[in-house]
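Fold and contact review
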Amino acid sequence: MEAEALAITQAAKYIGAGLAMFALLGVGIGLGNLFSGLYQAAARNPAALNSYKTFVFIGFALTEAAGLFALVIAFLILFA
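The model shown is predicted, which means the values in this text are computed figures rather than measured ones.

With 31 residues, helix α3 (residues 49–79) ought to run about 45 Å at 1.5 Å a step, and its terminal C-alpha atoms sit 44 Å apart, in line with that. Taken together, the buried positions of α3 are occupied by Tyr52, Val56, Gly59, Gly67, Ala70 and Ala74. Buried residues in α3 make contact with α1 (2–20) and α2 (23–44).

Between α1 and α3, the shortest axis-to-axis distance is 8 Å and the interhelical angle comes to 180°. By the angle between their axes, α1 is roughly antiparallel relative to α3. Here Lys13, Tyr14, Gly16, Ala17 and Ala20 of α1 come into contact with α3, specifically with Ala70, Ile73, Ala74, Ile77 and Leu78. Here the contact of α1 with α3 is built from residues that sort into eight nonpolar, one polar and one charged.

Quick look at α2 now. Helix length check: α2, at 22 residues, gives a terminal C-alpha distance of 32 Å against a target of 32 Å (1.5 Å per residue), a fit within 8%. Taken together, the buried positions of α2 are occupied by Val27, Leu31, Leu38 and Ala42. Projection of α2 onto a plane perpendicular to its axis shows the buried side chains occupying an angular sector of 35°, all on one side. Pointing more than 90 degrees away from the buried face of α2 are the exposed residues Leu25, Ile29, Asn33, Ala43 and Arg44. Next to the buried residues of α2 lie α3.

Rules and cut-offs
- Residues numbered from 1 in each chain as written.
- Predicted model: local features only at pLDDT ≥ 70, side-chain atom pairs only at ≥ 80, totals over all residues.
- Heavy atoms only, no water.
- Helix = DSSP H or I, 4+ residues; strand = E, 2+ residues; numbered from the N terminus.
- Expected span 1.5 Å × (residues − 1).
- Buried < 20%, exposed > 50% of the residue type's maximum accessible area, 1.4 Å probe, protein only.
- Contact = heavy atoms within 4.5 Å.
- Axes fitted to C-alpha atoms, helices over the stretch in contact; angles between N-to-C directions.
- Parallel < 35°, antiparallel > 145°, perpendicular 65-115°, else oblique.
- Nonpolar A, V, L, I, M, F, W, Y, C, P; charged D, E, K, R; others polar.
- Arc of directions from axis to C-beta.

Set out below in structure tokens:
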């Protein structure tokens, strides 16, 4: 009986960690949109590239931070 409960708990942990990884799908889409916008803006006005490159890198850092938070949550679910 106790072995069944342990197996169910492990299965729930794996399912929860897998669901937490769905946030990385959004991160990938967000980064694609971010750099797609950068390339389009650079193609339209190459002289202004340096003025909005800073904002793109800030957006990149914040988007990657969301992905890292999702990874940390998945690890907490698995190993805590």
